[in-house]
Amino acid sequence: MISFQTHRFKNGLRLVHHHDATTQMVAVNLLYDVGSSDENPGKTGLAHLMEHLMFAGTKHVKSYDDALQEAGGDSNAWTNIDVTNYYDILPAQNIETALWLESERLINLALTEENIEIQKSVVIEEFKQRYLNQPYGDILHLQHGQAYKVHPYRWPTIGLDVETIRGFTRDDVLNFHKRHYAVNNIVMCVSGNIDFDTTLRLVEKWFGDIEPQQLINRNLPVEPPQLQHRFITHKCDVPSNMIFRAYHMCARADEQYQATDLISDVLGNGMSSRFYKELILGSSMFVDVDASVLGSRDPGLFYVRARLAEGTEFDKANNLIDEVIAKLQDGISQQEIDKCVNKYISNKLFENVGYAEKAYSLARHELQWGAHNINDENEIYRSLSPSKLIDVATTLFNSDNCSTIFYGPNA
């Protein structure tokens, strides 16, 4: 069990606190309820660019990183389709430095033409390195663009293309910041060697007088049910041929999520999984095969990805994957479920062993379901039965619900 306390300030800021007396450090995690799915189709990549700009300095602080490092701290951030996360780690006695800097860049960010152009160049270089010039780097562009037709999950977090990023204006950036970077659009978690009352007092000091903004109601288009199998080939010079599949699945908060997640473990997690035993050990067609889920705010994707051995024909390998999935729908043993549940719970314990890891986990749970969910979810996994997984799998693995890519030099 992870102990915590919560508080909501008058301006809408949500705070989660976890006390850890075993460390002399503290983590300050700010989770902004904005991701790439909040962008307009013609302005993709703004959320990620804004993440970079948050480190570009403010009206009063030339360098965010330099100021934090002088207090013995470090920071980083990331953006995904649903949220943007910022975190600072520093000695507990210097927590005010982090709170001051976070409040300063929220209200006084230096969104100058010069800073915007610099960060656009940085993001464009990242786009080239990670997506254009790296083997398999474009798969998310292909896979999400194939599976989603109207929902903004159809573009990747970094954006659809370099030219769109290059074309962002200062007004584009200012408008995005104004719409989403508000004190009432943040979940903050403070985790480490600091008590709750002190945390409340200091957060009130640095954030309490920031005025809330009128937030735009999120009204994203609903992806219609996929009624026909989608298939494309993508010929490219990469080391191995691969098969990529994406099945539409439920959202992270849906009651079927845990069963769907466990199905991915039964199929593809570890050397006792179905894919490993039947495709890696039981045939010579595959180098590796895995299954995973997109645990997103809106309905996500269930991925199956297979790297093929040299000389393997796409169709034969694809049919063999179908056979394994069909067998799963015929029956799952309680022993398989128990094994995967035990592995999930132990992994979750290790993932949340430190104060910094707890800071993000608590903020994420508070934003999406309420922080209490972090302690409730293990029991949901333990309660899953073979019949529940088979029911979910039967709906999930409908062939009309699948998008497939044959990808590689022989595609």
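These remarks concern the structure in this document. Bear in mind that the values here come from a model prediction, so they are computed numbers and not experimental data. In this convention, every chain numbers its residues from 1, walking through the sequence in written order. With the structure being a predicted model, the display of local features is reserved for residues of pLDDT at least 70 and the display and counting of side-chain atom pairs for 80 or more, all residues being used for whole-chain, interface and lining totals. Here the side-chain values reflect all heavy atoms present in the structure, with hydrogen atoms and water set aside.

### Some details on the sheet that holds strand β6 (residues 186–192)
- DSSP calls a pair of strands paired once it identifies at least 2 bridges connecting them. Under the DSSP-based scheme used, a helix requires at least four consecutive residues in state H or I and a strand at least two consecutive residues in state E, with every element numbered from the N terminus. Pairing in this open sheet of six strands is mixed, and the strands run β1-β2-β6-β3-β5-β4 from one edge to the other. Both edges of this open sheet fall to β1 (5–8) and β4 (74–79), since each of them pairs with a single strand only. On average, each strand axis in the sheet is inclined to that of its neighbour by 15°, with strand direction left out of account.
- Note: strand β3 (residues 25–32) against strand β5 (residues 84–91), eight bridges, orientation antiparallel. Across the sheet, asparagine 29 pairs through a bridge with tyrosine 87, a residue of β5.
- Two residues qualify as a contact provided that any one of their heavy atoms is within 4.5 Å of a heavy atom in the partner residue. Each axis is a line fitted through C-alpha atoms, taken for helices only over the stretch in contact, and angles between the N-to-C directions span 0 to 180 degrees. Along the sheet, helix α3 (residues 95–107) contacts β3, β5 and β6; its crossing angle with β5, the most-contacted strand, is approximately 150°.

### Concerning the pattern of salt bridges
- Only one rule defines a salt bridge in this text: a Lys or Arg side-chain nitrogen within 4 Å of an Asp or Glu carboxyl oxygen. By the definition in use, this model includes 17 salt bridges.
- Here arginine 218 makes a salt bridge to aspartate 38, at a shortest N to O gap of 2.8 Å. In this pair, arginine 218 sits in the loop between α8 (196–207) and β7 (230–235) while aspartate 38 sits in the loop between β3 and α1 (46–53), placing the two residues 180 residues apart along the sequence.
- Relative accessibility thresholds used throughout: buried, under 20% of the residue-type maximum; exposed, over 50%; partly exposed, between the two (1.4 Å probe, protein chains only). Since its relative accessible area comes to 34%, arginine 218 is described here as partly exposed.
- Of the residues examined, aspartate 38 reaches a relative accessible area of 12% and is grouped as buried.
- The closest approach of N and O atoms between lysine 327 and glutamate 278, which form a salt bridge, is 3.4 Å.

### Quick look at the pairing of strand β2 (residues 14–19)
- Taken across its six residues, β2 has five buried, putting it largely inside the fold.
- Pairing geometry for β1 and β2, over four bridges, is antiparallel. Within β2, the residue paired with threonine 6 across the bridge is valine 16.
- From the end of β1 to the start of β2, which pair antiparallel, there are five residues, and glycine 12 there has a positive phi angle of about 100°.

Shape descriptors only; they carry no functional weight alone.
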